[in-house]
Amino acid sequence: MRLLHTSDWHLGRAFHRVNLLGAQAEFIGHLVTTVREREVDAVVVSGDVYDRAVPPLAAVELFDTALHRLADLGVPTVMISGNHDSARRLGVGAGLIGRAGIHLRTEPAAAGTPVILQDAHGEVAFYGLPYLEPALVKDEFGVDKAGHEAVLGAAMDRVRADLATRARGTRSVVLAHAFVTGGQASDSERDITVGGVAAVPAGVFDGVDYVALGHLHGCQTLTERVRYSGSPLAYSFSEADHRKSMWLVDLAADGSVTAERVDCPVPRPLARIRGTLDDLLADPALTRHEDAWVEVTLTDPVRPADPMARLTERFPHTLSLVFAPERAPDDPAVSYARRLAGRSDHQIAQDFVAHVRGAGPDEREAAVLREAFDAVRADAAVREVAR
């Protein structure tokens, strides 16, 4: 069985205020063409179909177009909700849509109930594990501790239990939306840390033939059977070096896997350049970036006059301008934003406690802070779904 593994479409998302809907529509067209020309047997979409729980109408219309085009091909599609999606909204009409061969899996309780597809060698069971917010699903899975590993492990126990009841030789595919240990993150993924832990070990998924992951935006191979497809478009300048693609996966009769990357259309290349304004405007080596979307970091010791206007004369698609004068980290002139760069909300709170009272929080206090941040994030997830 030949699968096309994709994820993290983030329909409706912009790139530094640039509307990407046209580029997203081009990707959908490319996906449909790939399915047809490469004789794909099933499409899997591993979450974050939309960029937010209540997407703009244009994004919903594009999704509707994608569903119709996939259904017209007569090729089954299995998709799950991600942490950016409203699972309840995405799942509306799932039963009816399923009759057209588009199988939406958004309910955690259905983790052990597969979509069964067949090829010449027998059945393939597709298990959809939507994004599992630990605080919201721990009761469903009967776990004491609300953590990613605990709830994913319990969901996979259901998968393995169902698989054990099926005919010998039944192959299996799991779709999941999670941060798995060994994956490389970028700046454009929403933080899903719970209890100070974001990642789960790949071993959670033992016992199945292929795991189609979503959430991280870079295409990655964690093991031959566990892969991220990544997002089809770049959604931050941290993805400037990404090769955006989908996985074309051949699942053999014995469950062995071979995979090939299929490149996605690139609306415009990305570039990150750094230096003084005069150097950047004069450097001939930067000519190749003149048609790219550009992030510029200026290192001038004193902020130059009209930097954006001067930059866009050479780099007309400059979207981001950062000032980072070359100074020692302890220089009081170093900006607050630079001092906080790369630090989580929990770490920033701990730093604040240390600044106010001269000593950081002890282990018990750190745990209270962590629980508070987890509770706020879980409450935000509930409110987003209820909107």
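Okay, so let's go over this structure. Predicted model, so just to flag it, every value in this text is computed and none were measured.

So, the packing of aromatic side chains
- The tally for this structure, following the rule as stated, stands at four aromatic pairs.
- Look at Phe15 and Phe237: their rings are 5.0 Å apart centre to centre, the planes differ by 55°, and that puts the pair in the tilted class. On the criterion of sequence distance, the pair formed by Phe15 in strand S2 (residues 14-15) and Phe237 in the loop between strand S14 (226-228) and strand S15 (245-251) is long-range, its members being 222 residues apart. Of the two residues, Phe15 and Phe237, neither departs from the other in class, the shared state being buried.
- Grouping aromatic residues by their ring pairs yields a cluster made of Phe15, Phe237 and Trp293.
- Here the guanidinium or amino end of Arg227 rests over the ring plane of Trp247, the centre of that ring lying 4.4 Å away.
- In this structure, Arg303 is placed above the aromatic ring of Phe323, and the distance from its NZ or CZ to the ring centre is 3.7 Å.

Points about the pattern of salt bridges
- This model, assessed by the stated rule, comprises 16 salt bridges.
- Between Asp291 and Arg268 there is a salt bridge, with its nearest N and O atoms 3.0 Å apart. In this pair, Asp291 sits in the loop between helix H7 (277-282) and strand S18 (293-298) while Arg268 sits in the loop between strand S16 (257-263) and strand S17 (270-275), placing the two residues 23 residues apart along the sequence.
- When its relative accessible area of 22% is taken as the criterion, Arg268 is described as partly exposed.

Considering the sheet that holds strand S4 (residues 42-46)
- Spatial strand order, S6-S5-S4-S1-S15-S16: six strands in an open sheet with mixed pairing. Lying at the two open borders of the sheet, with one neighbouring strand each, are strand S6 (102-105) and S16. Pairwise comparison of adjacent strand axes, ignoring direction, gives a mean angle of 20° for this sheet.
- Note: strand S5 (residues 77-80) against S6, four bridges, orientation parallel. Opposite Val78, over in S6, you have His103 as the bridge partner.
- Each of strand S1 (2-6), S4, S15 and S16 touches helix H1 (residues 21-37); the most contacted strand, S1, lies at about 170° to it.

So, how was this worked out
- Residues numbered from 1 in each chain as written.
- Predicted model: local features only at pLDDT ≥ 70, side-chain atom pairs only at ≥ 80, totals over all residues.
- Heavy atoms only, no water.
- Phe/Tyr/Trp six-rings, centres within 6.5 Å; stacked < 30°, edge-to-face > 60°.
- Helix = DSSP H or I, 4+ residues; strand = E, 2+ residues; numbered from the N terminus.
- Buried < 20%, exposed > 50% of the residue type's maximum accessible area, 1.4 Å probe, protein only.
- Lys NZ or Arg CZ within 6 Å of the ring centre and 35° of its normal.
- Salt bridge = Lys/Arg side-chain N within 4 Å of Asp/Glu carboxyl O.
- Pairing = 2+ DSSP bridges.
- Axes fitted to C-alpha atoms, helices over the stretch in contact; angles between N-to-C directions.
- Contact = heavy atoms within 4.5 Å.

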